[in-house]
Amino acid sequence: MGSDTSSTNPRERVTILPLRNAVLFPMSVVPINVGRPRSVRVVEDLAGQERALVGVVTQKSPDTVEPTFEDLHEIGTLARVVKVIRLGPGNYSVVLNGLGRFRIHRPLGLEPYMRADVERLRDPKVSDERLAALGQQLREKTRKMLSLLPDLPKETAGILDNVKEPGPLADLIASNFPDEHASIADRQAVLEAIEPLERVRLVLAVVERQLGILTTKDQIAAQIRDEMTRSQHDYVLRQQMRTILEELGESAEEDEVDALRDKIARADLPAEALAAARRQLSRLRSMPAQSAEYNVARNYVEWLAELPWSRTTPDHVDVKEVRKCLDEDHHGLERVKKRITEFSAIRQLRNDKRGPILLFIGPPGVGKTSLGRSIARAMGRRYGRISLGGVRDEAEVRGHRRTYVGALPGRIIQALRKVGTKNPVLVLDEIDKMGADMRGDPAAALLEALDPEQNGTFVDHYIDVPFDLSQVLFIATANDIRGIPGALEDRLEIVEVPGYTRSDKLSIAEQFLVPKQLREHGLSEDQIAFEKEGLEAIVDHYTREAGVRGLEREIAAVCRNVAVRLADGVVVSGEHANREYVENVLGVQKYRPELAERKLTPGVATALIAGGAGGEIVFVEATQMPGKGNIHLTGNLKPVMKEAAATAVSYVRSRAERLLLSPEWLKSVDLHVHVPRGGGRDSAALGVPMFAAVASLLIGIPTRASVAAAGEITLRGAVLPLESVKDEVLAAHRAGITELVLPEKNERDLEDVPKEILGDVTIHLVKHVDDVLKWMLEELPPSSRLARPSEPPSGEMRP
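Residues numbered from 1 in each chain as written. Predicted model: local features only at pLDDT ≥ 70, side-chain atom pairs only at ≥ 80, totals over all residues. Heavy atoms only, no water.

**As for the overall build of the protein**
When its secondary structure is counted, the protein shows 24 helices and 25 strands. Within the protein, the proportion of its 799 residues that are buried is 48%. (Helix = DSSP H or I, 4+ residues; strand = E, 2+ residues; numbered from the N terminus. Buried < 20%, exposed > 50% of the residue type's maximum accessible area, 1.4 Å probe, protein only.)

Below, the structure is given as structure tokens:
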């Protein structure tokens, strides 16, 4: 920082006080708060001196804590210290009176505070008509600006008349600019304008800009006042009109009735619904608005007006697009995708858009509900979901009659109002979980809605006029076919959605679940990458299910572990979720592969059952004790399971000689057969494993832990087929079972089992119960008539 060496202005040595967010002007008196160490030392040294002078200079950046001369502007204001007020330790308030401008000539030092040689800058004496005219203009516009500022003392504008010279007038106005009117840079530019003409122009530009803003605000405020006046006037008129209408006995809600009439006109109602709406509108005109009947009628008309009587979305049924959407959203399920593609092809060729109503049946978590969403996306239709689990009231489906308090339409009509079109895809979820009681049978109420021959004139009790459901594409989901009444099942086409194999789960985890959970937890693959061996550990040791919900929960648990550490401030980057990482996060393994490797005691057999959650493994236990030939059956046994157990025991008794048992063996013992966690969809399938367990107990030879069996038996020893074997085979594979004993008549059903599963298990097909023990016992009795062939017979399937 230097100065012109030819200047004749006097130079003097002064102490420099830097300011962060303020500019001091000549002829102004302002208080300044001081707290920085150097500034505090300046104030403490000058506190006892009378008429002490200090050079006040503004910093170039307010963020600089301890500025040097390079951080200060070159021009500042020489000021006299008027008063020093101590606010606290190391904190002062200093009142400064600006005297005149100066330029820093030569810095002298920074410690203990800033000092410099400066030269004073005096306003040149100029007599210019332009300067006088601009000064007068500045004075007038400033006075006008002050008149628009709220809560300003009247004498403020009079101060402008006390300053005659344009240059000092500009300094006075600039020193009083509020922060929102002019920035620090604008004020410093005014301070550095030595020529009065330039200074007046700068200040006049700021005043004109602010004057324009204040004028616009004033105009807006005036407009708002006018509108408020008109609104108050209208309000008074409406109050008077309401009073007049009440005196005449007419309704004061004419505007609401008119609005409802307009909605009805825009809704394009069919003739019968339009007549019903007009009847209710006529009643509304004659009813007081405070009555309960008025609200009931108004709600009914609103429902009629908001239902999509004629609003549809155009169908884009393209088989290629349907196949593409299904492949994008779901892995595997080839048979299901094939049936949906066939379903879409038929709808593409038919003009009436009618077709069967698909019922997806399968275990939880295999994607039944999301299949409906994929179909809606592929067809360009809107999607709606109706949860029927736990519904026991017929009115939930068909609606309440309007005579009841709080009446509402049924769930189908509510879903149509929500989606806003009459041709959406509606998924009836958990259709097997409905019940029936004294309030009616909701499953029976669905018959009309789902029958293509009847649902064109579906009547909801609340709406009470026919609504066309023929264009709605209904898709139902269920876990267990036995929970669906026969009449309703007859209207549905069953599409089985099987459980996933191990390879399916790994592919689903890699393609869908891991990206989804990373996204939902705010993570990226750069922070944690799931390796294949880590996903295999989760599938093998932490889940044993037909679907993938549990798998998704375990993946989410790993992601949560990372998210918590990130929230704690730990830097997480480049981690790999391998087998060791997964086990550290998820803890002790929930499922272990030694199920098929452990030794079983005599009287225990491994059984396969199918339930609502897919297939599962259970154990049949049998024991004997001294008694009189009584048979005890325990466990969560349904009547058909008790019959299967009794049949198995009776057949063992009938084959006592063949099994080398005494014909009188049951007279001195009691027999107890127990099935822990019994249940399942095909409960009679426990007949074969019950026979094996009782025979194993009495012979004293344990069954093979690697073998599981399923099948119903008769008193003649015939093995009857199961409803399906796919769920049972998948469950056995998940549990590590390597051999299965299944009814011979289920051989054709094995075509539905993935080939990769059939390659890992050996399946023995039997048609008579006498062939069961040779595959299930650890060894055969030495003198029995049973024989285990050395070569596989025709009824055995090996990988």
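Further notes follow.
**What to know about the packing of helix α16 (residues 502-520) against helix α17 (residues 532-541)**
Relative to each other, α16 and α17 sit at 120°, their axes nearing to 10 Å. On the basis of their axis angle, the class for α16 and α17 is oblique. α17 is crossed by α16, and the crossing has right-handed handedness. Each of Arg502, Lys505, Leu506, Ala509, Glu510 and Val514 in α16 lies in contact with α17, whose residues at this interface are Lys532, Leu535, Glu536, Val539 and Asp540. The residue makeup of the contact of α16 with α17, split by class, is 5 nonpolar, no polar and 6 charged. (Axes fitted to C-alpha atoms, helices over the stretch in contact; angles between N-to-C directions. Parallel < 35°, antiparallel > 145°, perpendicular 65-115°, else oblique. Left-handed = near helix turned anticlockwise from the far one by under 90°. Contact = heavy atoms within 4.5 Å. Nonpolar A, V, L, I, M, F, W, Y, C, P; charged D, E, K, R; others polar.)

**Quick word on the pattern of salt bridges**
The final tally for this structure, using the stated rule, is 27 salt bridges. Two residues, arginine 398 and glutamate 394, come together in a salt bridge whose shortest N-O distance is 3.6 Å. By relative accessible area, which is 13% here, arginine 398 ends up buried. Here glutamate 394 falls in the partly exposed class, since its relative accessible area comes to 26%. We note a salt bridge from glutamate 575 to arginine 565, for which the minimum N-O separation is 2.8 Å. Residue glutamate 575 is located in strand β15 (residues 575-577), and its partner arginine 565 is located in helix α18 (residues 549-567); the two are separated by 10 residues in the primary sequence. (Salt bridge = Lys/Arg side-chain N within 4 Å of Asp/Glu carboxyl O.)

**With respect to the packing of α18 against helix α19 (residues 579-586)**
Running from N to C, α18 and α19 point in directions that differ by 80°, and their axes come no closer than 10 Å. The angle between α18 and α19 places the two elements in the roughly perpendicular class. From α18, Glu554, Ala557, Val558, Asn561, Val562 and Arg565 reach across to α19, where they touch Tyr581, Val585 and Leu586.

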